[in-house]
Structure formats: C-alpha cells, structure tokens
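# Remarks on the overall topology
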Amino acid sequence: MLKKLLGCVGKYKLPAILSPVFISLEVVMEIFIPLLMSKIIDIGIKGGGGVGYIVKVGGLMVLMSLMSLMFGVLSGKYASIASTGFAKNVRKKMFDKIQDFSFANVDKFSTASLVTRLTTDVTFVQHAFMMVIRMMVRSPVMLVSATVLAVSINAELARVFFVAIPVLAVALVFISTKAFPRFKQMFTRYDNMNSTVQENLVAIRAVKAFVRGEYENDKFETAALELQNSQRRAERVLIMNMPIMQIVMYSCIIAVLWLGGNLISVGGMETGELISFISYITQILMSLMGLSMCFVSIIMSRASVVRICEVLDEDIDIEDNVSSELTVDNGEIEFKNVTFSYSKNKSKCALSDLSFRINSGETVGIIGGTGSGKTSLVSLIPRLYDVCDGSVSVSGHDVREYALSELRNAVAMVLQNNVLFSGTILENLKWGNEEATQEEIEKACSAAAAHDFISSFPDGYNTYLGQGGVNLSGGQKQRVCIARALLKRPKIIILDDSTSAVDTATEKKIRDAFKDELSDATKIIIAQRVTSISDADRIIVLDDGTVNAIGTHDALLENNEIYREVYESQQRVVE
Amino acid sequence: MANGRPVGGPRGMRGTRKPKNAGRTIARLLGYMSGKKYMLVLVVIGILLSSLAGVVGTYFLKPVINSIEEGVATGYFDVRAFIMKLAVMAGFYALGVVGSYMYSRLMMNISTETMRRIRVDMFTKLQSLPIRYYDTHAHGEIMSRFTNDTDTLREMLSQGIPQMFSSSVTIIGVFVLMCILSPMLTTLIVAMVFVITFVVKKIGGQSAKYFKRQQKAIGSVNGYIEEMIEGQKVVKVFCRENESKEKFALINEELFDAASNANTFASVLGPITNNFSYINYALTATIGAALAVTGVLDIGTVASFLQSTRSFFQPITQISQQFNSIINALAGAERIFELMDEEPEHDSGTVTLVYATKDARGTLSETDARTGVWAWKCPQDDGTVTYTEVRGDVRFEDVVFGYDENKIVLDGISLYAKPGQKIAFVGSTGAGKTTITNLINRFYDVPDGKITYDGININKIRKSDLRRSLGMVLQDTHLFTGTVADNIRYGKLDATDEEIIRAAKLANAHSFISHLPEGYDTVLTSDGVNLSQGQRQLIAIARAAVADPPVLILDEATSSIDTRTEALIEKGMDTLMEGRTVFVIAHRLSTVKNSKAIMVLEHGKIIERGTHDDLLEQRGKYYQLYTGMFELE
C-alpha cells in the first residue's frame, strides 16, 4: 500500500534523496563540535597547547558549524520541494483516478468524503512525508554517530548509554502502543461530536420547529463529556513521555559525572572529554525523543494513507474498450433479458429481466413510481453502469463493444440532478461541443426554450454563473442543461425528469422542437407528469424493476391499471 | 463513506490570521479557567520548578567539574564532597521532573475541561440563535469554529502557553546564570541573539508573500476539486475527463510552486536557529578556553557556560515556533467568542401552553395529565391567570415583512384561518409562501402588522410553546442519526412504540419501514442518505403526526413523493388534518385542491383567494397555473 503511494514521488526523487543526505551531513558536522571542544579544553587549556591551538581548533569548530548551517538549510529546502512535489503528485493521481471512476465508483464514496481525501488527507500525508525524509533520518544518524563517538572517547563510560537507550526505547514504545488505541477512540468520539454539530446546522429548522433545543443540548453535552474523558485517558499516557525522558537524561548525567569523576581521578580520562560526553547525552536522548515523535505522527497519518489508497486502489468496474473503432450509426436500442443491481449482492435487483426494442428516431416515454427503476434503466444506455445479466445494444452492437467516448458522445443524457459549472453560460454550453458556432448554440438554445431568457440577460450568453449555476432558477437551469446536451448532436437523447421545474406550456414547446429538429434521434423521456409523455410514440410503464406494460397513451389508458392510476391522480382535478 | 472523517471537518490547508484584540480574548479565556485558580497556581509553580531546576542543574556542572579538577591538581579526590555535590544536583533534577509532570498533568485536566465548557457554551449558544443567523452564515464557517478553531485553541492551552512560559523562564534563568558565570561571554551571546533575530525577521518578511500566494492557490485548488467532484457524473456524461484533468494539472502545479516556496522558508528556519546556536557554541568554547588559559575563568565555569548556551538557544527556537500557532489560536478563539456574543433569539412571550380539562360549563383548568385539550395560560397584569382554549384560529392583519430592510417579501398580508380549516398557498418561488409559515412559528418576527393565534398576539406567546402547538413538515426533510423509531419519536419524546407505528401507518411509511433490514430499529446515517427523498418525507410526516399538534404546517411536504404514492397517503393525510387548522404550500395543485381557501401569492401580495372552483371560475392566475399556461418555479 505504502509502496504505491511512494511511487508518487516521481520526478522529485532527487530532492527526496538529497534532503536526507544533507541532513546526515549536518548531523556529522554537529556531532564533531563537542569532540573538538573537548580537545580545546584538554589540549588547549590543560595540555599547554596555548591560545594558538585554541584559536585553530575554535576556527575549525566555527567552520564546521557554518557548514552544518549550510547543509541544514539545503536539506530544509530539498525536503520542502520533495514533500510539496509529492503532495502534488498524490493529488494529481487521485484526481485523475476519480475522473476515471465509473458511476458505481462515484456512488460508493460520498462527494464530501472524496473532497476530504483530496484536501485534508493529502496535507496530512505531505507532513508525514516531510517528517520521514528529515526527522526519521536525522534522529537515527544522530543516535548512531553520537554513540560511536561516545564509545570512541571512553568505552567504559559509554556503557551508561547501553543501559539508558534500551530503557528509554522500551518506555517510549510502551507509551506509544498504549496511547494509540486510546487516541483512536478519541478521534471516533471527536467525529461523533462533530457530526452532531453538522446535523444541527443542517436541520436547525426542524430542531426549532419541534422545540428540541434542550434535547439537542443534552445530546451534545454528553458527546462533549465523552470526548473530554477519552481525551484525558489518551493524553494521560502521552504526557508520561517527558518525565521519563527527563529521568533517564538526568540519571545519565549524574552517572556519567560520578563514573567520569572517578575515572579522571585515577587518570583514566580527561575533563574535556567528560564535558563533551555530557553534550552527547543530550543529543542521543533527544534524538530518541524525536524518533518517538516521528512514529506518533506517522501512525496518526496512517488513517489518511489508508483513505488515499482506497481511492487509488479502487477497481474501476467499467472497462473501456478503447481500441474499438465501432461507431454508433443510428439510435436503435435493444434490451435483452437485462438484470441490473447497484450492489454486488444480486438478491436486490433494481431491474430484472427487461426486454424491449426501441427503433431509431422513436420517442419513448418512461413512467413509474419512485424506486421503480426508471433512472437505472436509462443509465445502462450510455453505459454509466454495466448490466449484471443480459445485454444492452445500441445501433446493433452491445454497448460494451464501443469505446466509451464514442458511445457517450452519441448518447446525450440530461441527468436528474444536473450540474452547471462556474463560468459563463457559453462556456457551459460548449461542454456539449467545443467547436459549436454561435449559430448552432442559439439554435440549440431555441430548441430547449432557453434562448429567450438568456438573451434577456444584460450579458446574454456571457452571463457568468456561480458554482452550481446559482443565479438561474430551477427551470432555467434545466433548460440550459437540455441545450448543452442538444449541442452534442446525439443519436439518442435521454431526459431524466429534466423538465420538472419547467411549466407545461414551455415543456410542450421543447417537445415540439425535439420532433422537428431531432427527427432522426431516438428520444427517451422520463417524467412524473403524464402530460410530458402522453404524445410519445410509445410509453414504457415500469413497476418495481420490471416492464409492466408498453404501449401508446391511449392503449395504456385503456388497459393498464398503473398508468390509469397515475393519470387519474394527476388529472382528477382538471376534469 | 468508508471510515470517513467529519465532512465539515478541517479542510486541512489553512493560513495564519491575526487576532483583532488579543488582550480581551486572553482575559476571556482566563475567565473560563477562573474556577481553577489554585490549580493554575500549581501549574505556574510546576513550570517554575521544572525550568529553574534545569538551570540550577546546569549551573552545578561548575562545582562538580571544579571539584574533579581540584582532585587532579592536588592529587586528593574528596569522594564524600563529590557525592554531596552530585546528590544536590540530583535533588534539583528530581524536583524538575516532579514539577514538569505536575504541570503537564494539571494543565491537561484544565485544558480538556475548558475546551469542553467552551464547546458546550458554543453549542448552547448556537441553539439559541435566530434562524436569521443561519441564513447569513455558511455552515462550513460555523463548523470550522467547532473543529479548526477549537483544535488550535486546545493545542495552545495544553502546549503553546505552558511551553511559552517555561521557555521564557528558562531563558531568563539561563541568562541570569550566564551573567553570574561570565558577563563577558554573555555579551557575545546577546550579540548573537540580535543576529538571529535579524535573520529570522528578514526571512519572515520574505515568506509572508509566498504564504499569501499559497493561500490563494489552496483556495483555487480546493474550489476546483469541490466543483468537479460534485459534478463528477456530468463530467462523465460529457466525456470531459481529460479537460478536467488538464485544468487540474495546471492549478495543481501553481499550488506546488507557491507551496514549495512557502514551505522552504518555513523549513529552513529550524536549521538556521539550531545551527546559529552551534556557531555560538564554537565561539564561546574558543573565547572561553582562551580566557581559561589566561586564568580569567576556571574550566568548570567554561563547561557550565557551554551547556548553558545550548539550553539558552533551544527555548528561543521553541518560542519562535510557538509564536505563530499562538497568534493563530487567539484568532480562532476570537471567532469562537464572536459566535458566543451573537444576539440570541429574542423572546419576551409570557403566554404558555398547558394541558387543560374542561368542565361542564366550559371552564378550563390546568392539569398535568395529557388530556388532549390544550390551553393558553395568560398571566395578567394584576397577577391573575386566565386560560384560553387552543383551537387553531390564526389571523394575519396587514403583515409587512422583509428578510432585509430594503426588500419587502410580504406586503400587507391579511388572512384568517378558522379552527379546522385547510388553507393553501400557491405562487412562484419568491412569492412569499414559505415566509408566511416562517412568521407563524416566529422564525422571524413581524415588524409591521400583527399575527394572532386564538386571539392572542403571537409576540406574547413564548416561542417554545408557540412552536410546540404547530406541527411542521418542511420542504427539506432533515432526519437525524439514530433509528427510524428515534426519528419519528422526535415529534414526541415520550411516544410509545404503538403511537410510533400508528403514526407511521398514517403516513403510509409503515410498509417500507417494515421492509428495512432492522425495521423500526434500522439506524439512519447522517441525514438519512440510505433512504430516498420520498421515503424521508414520509418519515417526516409521521414525525409531525406523532406530535399531535392543533395546527399543522405542510411546506411542500409531498413534493418528492410520486403522484401515485401521494394518492395512497391522501387518506392518511386527511385523517391527520382532520380537526386541525392546516396551512399547505404545494407545487402540485392537486394537493391543494380540496382546501377551504386557496391564496395565490405574487410579489408578496395575495392576488386571488377562494375555493378551487371559485378560482377556476375567475379565470385569473390560478386558472393559468392550473391549465399549465404559466410557469411555476
């Protein structure tokens, strides 16, 4: 899993390698400074080396710290290039992957969760990556080289470390492993509390209308108290880190001073060496601390890594037949024993055993109650989903034989929850056809009964739409979406309840325009209102995922009970 | 959403903002901890102990080393005196450990409790705010006060401030120690501090502009991601995957460019301060040694001073790192307090809703039993109490209202609904239909004209009691996390299982609920995503039914239910509405046809009113709407 993510380093491999190299060099420079200092004391002051020696070695020390500064800065620079570059690649890879998602894949993740994965999670991972190429290198290098130097100065004294390091390491590991599950619990409670807030924000009118403020307050108070308790449980463990670290460090200093003092008194060691030894104690133990902090933050970012990998590893269940050179020649559609289910579990079918044929150029209406499978049925035509059983053919070939782009360019679908993007109306329309001329655009808009209201705007086709097309009314949005689909000059056009907010008179105009200008194209219209489809060539009545009847308006009124019921529920008042 | 984090949670990448009035914010934060005065004193003592013990311990290197040196020089090593000195040193260190554990433990308790209290206060405040507040503030904005802002604040309380304090104490302590050890070497250190401050300032100034650019780039990347993911299905239908990928690559590259520059500045700061302390260490060692050779200083002093320089620069680095996050946290705290300072929903109502019993002469008296008879309890000026039966008589008299002052939504509306009548509102979006119902339940207050309920001006009725007497099924049905039964029970918290099932049957929801995997105990996730919009509306209707209120408001209550199902629940709805005053807003005219009176609204005015047949006869707007000659949006 991690390997896949690390592949995202890509062309930032060089800085990702340079950064640890430089940081190691920085450590090496740093580590020699206390040693040189001990030479100054032992040879310069006490050994009679004099001021000349002191200045010479001192100069070397300054030089080394300057080099260390340089290496440190370089490492910082490369680390930030590598980590932001890594984040960039991860984001890009995820985004591209999501673009390739099929509808089923998109359904599986919620929109909000995908956005969080692409933003927050990537940031967490970026920080963790930075941590790994800097601290995770710095600390062990420091630990090892300081220990080596300490041993080389005085092996006997260095034994103190061989007791201290394992003790501290065991303590840190113990604390981390104990803290982790507690933190996990804390995060879950944190999420719970936040979702309570979120829910209340969204449903505030319901809360106020039912006068449930007190009730919600109690609910929240419990959640906040639970969070506090688990927070305390988790942090109680974590704050042990510091005192343990201090105890070990201070014990080391005392032990080194005691043993060192005795050694010096018998001539086994120099004073300067003892002083440098104390410096190494701090460096070694601090690096262990740093290491444990690294582990904590890596563990914490693990959840983010998992969530990112879930996206990257998602199997795209629609296989694009890219190499296919088949073209969609006409709008003929055939369903043969089609069974379809949204979940892998086939016991709950959205559609079962559908068979029918639609001729090229025909206008077909689809009607049925909520959950009867209308949207599912039409989604299969542009292959937004794959069938479980049976086959769907367009223009005489199974939809799976076409390249997706060929199929979808020939099948225009106006979705139920259609979306316009921020940009001008013109830019949005051009989604249908990048090369469309102004004339073609106006023609499509006229057919969709959108030209008049667009022209009435001060900026006309260049009117800027906010995100989601917020400045248009529901019916206007729907008409722009229809025009956008028309610009594709499709062989098949599908309207999935796309005129629900358009008044019946305007809707009639659109239908008439369809008849005149899209005479060759197959038109499929899903509607709630019987009036929207009553003049279709044929009407399919769906009920619970099966075809209940197919026929003309008149025929169905005559002999289909469901159709008659729907019709009556809407017509009763007109009489 | 597989193991998803909170949706409105931190959007990861955020920038630094400055607090407007840090002093007042800090004072207010301290106010939250005022109950913990003694604990805070202990925390201060703990911090002082831990930092000073470190300083003193470092100082003790001097006598310890000197006593070793003496032993070497004189040939006699006084072991007892040496042990004594080490023991004193160990004692100070031990004090330090105790102090640091004490303060971090206490601070943890204080900070977690403070955060809980702040959260609860914030949430309680939120509940008390008027609907208007929710209209004018984005959810994400409010949410981030619960997530981002409280997170940074907690970090500041539990880590930032104690560390800042202990670092300052250490710096002062070490500085005093250094002055005692060698004033001359100390001047060198001070000079170095100036150099570092200069360098850091220089870099800080440079980085500010890159951080600004980074913020902007983050904004555009996040915006693009949100928009494209929302519209993912449209992208697919139009085969625009490649275009969207290309555009993303472009803005992603821009973000990288800004972020890598900004991050470089941030990540070189650490090595710079750290290595300056080494340069300093080297200079100190050289000069100190030279002074020792000439006999001005002893070796113990040099050793102790060297250790001091290290412990002098570390806290400086820490403070420079903490500073930004503290500024950030204070800005967050300010936003939290801003929310808490919002004006709550105003309520001067004194009339309350009580259960009553009616005796033979029709006199009402209050009772605790759920009699099914409700009464308004009106306290009079002279201290007596009168009771008025709740019947559901609602009248509007010349009501004028606008959400903001310049835009009038309702313009002189007068209407009446007699007990048990069904009144419908029809009109296009923005005509003011929903506004009327929002005024009845006092989501908003009426500036001009008045609304009476059973003859009482609704301004005199306590809001909670007023709303309890109104059952609402709203346009957007919001369900809560919990079981289906819990959601229906929301209408009446002590409803029995039988009552819930009866209400569900009334709304024709019983059959699909029974088909859910766990029936009434099926847990609905956030906002009921596993139900269809129509099913959610049915549950919302059941929720209103179980509340059994004298007045019902149905705002597009059946808009997502297909006409056939609607016909099925019609009988249930009729039973539900029986004997109640009902206000109905509907898109579908079939729903309102059997109303006692239909009001056609346009531009905040009632332009037509009458029964269905009257209105058709008038051949006015209603007729046009009805025959599909006019667009309803």
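Remember, it's a predicted structure, so these values are computed and weren't measured experimentally. (Residues numbered from 1 in each chain as written. Chains lettered and ligands numbered in written order. Predicted model: local features only at pLDDT ≥ 70, side-chain atom pairs only at ≥ 80, totals over all residues.)

## Description of the interface of chain B and chain A
In plain terms, the rule: Residue pairs qualify as contacts under a 7 Å threshold applied to their C-beta atoms, which are placed from the backbone. Helix and strand labels come from DSSP, where a helix needs a run of H or I of at least four residues and a strand needs a run of E of at least two; each type is numbered from the N terminus. Nonpolar residues are Ala, Val, Leu, Ile, Met, Phe, Trp, Tyr, Cys and Pro. Charged residues are Asp, Glu, Lys and Arg, and all others, Gly as well, are polar.
Taken together, the contacts link 133 residues of chain B with 130 residues of chain A. If one sorts the elements of the side of chain B that touches chain A by residue count, helix H9 (residues 241–293) of chain B sits on top with 30 residues. For the side of chain B that touches chain A, a count of residues per class yields 67 nonpolar, 41 polar and 25 charged.

## Overview of helix H14 (residues 497–506) of chain B
Residue and element names in this part refer to chain B. Note the cut-off: Each residue is classified by how many other C-beta atoms fall within 10 Å of its C-beta atom, where C-beta atoms are placed from the backbone; a count of 20 or more means buried, 12 or fewer means exposed, and values in between mean partly exposed. Note: the arc covers the axis-to-C-beta directions of the helix.
Among the residues of H14, Ile500, Ala503, Ala504 and Leu506 are the ones counted as buried. The buried residues of H14 occupy an angular sector of 160° when projected down its axis, which confines them to one face. Turned more than 90 degrees away from the buried face of H14, the exposed residues are Asp497 and Glu498. Positioned one or two residues after H14, Asn508 has a phi angle of 60°, which is positive.

## Some words on the pairing of strand S1 (residues 352–358) of chain B
Residues and elements named next belong to chain B. Note the threshold: In this description, strands pair whenever DSSP reports at least two bridges between them.
For S1 and strand S3 (residues 374–379), the ladder comprises four bridges, and the chain directions are antiparallel. Within S3, the residue paired with Tyr355 across the bridge is Trp374. Across four bridges, the pairing between S1 and strand S2 (residues 364–367) is antiparallel. Along S2, the bridge assignment pairs Thr357 with Ser365. Once S1 ends, the chain turns through five residues before running back antiparallel as S2, passing Gly362 with a positive phi of about 85°.

## Some points on the domain arrangement of chain B
Heads up, the condition is: Domain start and end points were adopted from an automatic or database domain assignment.
In terms of domain boundaries, chain B breaks down into domain 1 (18–182 + 323–345), domain 2 (183–296), domain 3 (352–385) and domain 4 (394–626). Here the C-alpha centroids of domain 2 of chain B and domain 4 of chain B sit 56 Å apart.

## Describing the nonpolar core
Operational definition: Nonpolar core, as used here: buried Ala, Val, Leu, Ile, Met, Phe, Trp, Tyr and Cys residues forming one set through C-beta atoms within 7 Å.
Counting 223 residues, the largest nonpolar core has A:Ile281, A:Ala448, A:Ala483 and A:Ile494 as its most contacted members. When residues of this core are assigned to their parent elements, the largest contribution, 20 residues, is made by H9(B). For A:Ile494, the contacting residues outside a window of four places in its chain are A:Val378, A:Ile381, A:Val411, A:Met413, A:Val414 and A:Ile524.

## Digging into the environment of B:Ile423
All names here are of chain B. If you trace the backbone, Ile423 turns up in strand S7 (residues 422–426). For the pair formed by Ile423 and Glu338, sequence separation is 85 residues and the distance between their alpha carbons is 42 Å. Ignoring anything within four residues of it in the chain, the contact list for Ile423 reads Ala417, Val582, Phe583, Ser595, Lys596, Ala597 and Met599.

## Some points on the packing of helix H2 (residues 13–46) of chain A against helix H5 (residues 111–153) of chain A
Residues and elements named next belong to chain A. Threshold: Axes, fitted as lines to C-alpha atoms, cover a helix only where it is in contact. Angles between the N-to-C directions of the axes lie from 0 to 180 degrees. Any angle between 65 and 115 degrees counts as roughly perpendicular, while under 35 counts as roughly parallel, over 145 as roughly antiparallel, and the rest as oblique. A crossing counts as left-handed when the near helix is turned anticlockwise from the far one by less than a right angle, and as right-handed when that turn is clockwise.
Viewed as axis vectors pointing N to C, H2 and H5 meet at an angle of 30°, and their least axial separation amounts to 9 Å. Taken as axis vectors, H2 and H5 run roughly parallel relative to one another. As for how H2 packs across H5, the hand of that crossing is right-handed. Each of Ala16, Ser19, Pro20, Ile23, Ser24, Val27, Val28, Ile31 and Leu35 in H2 lies in contact with H5, whose residues at this interface are Ile133, Arg134, Val137, Arg138, Val141, Met142, Ser145, Ala146 and Leu149. Its residues assigned to classes, the contact of H2 with H5 comprises 13 nonpolar, three polar and two charged.

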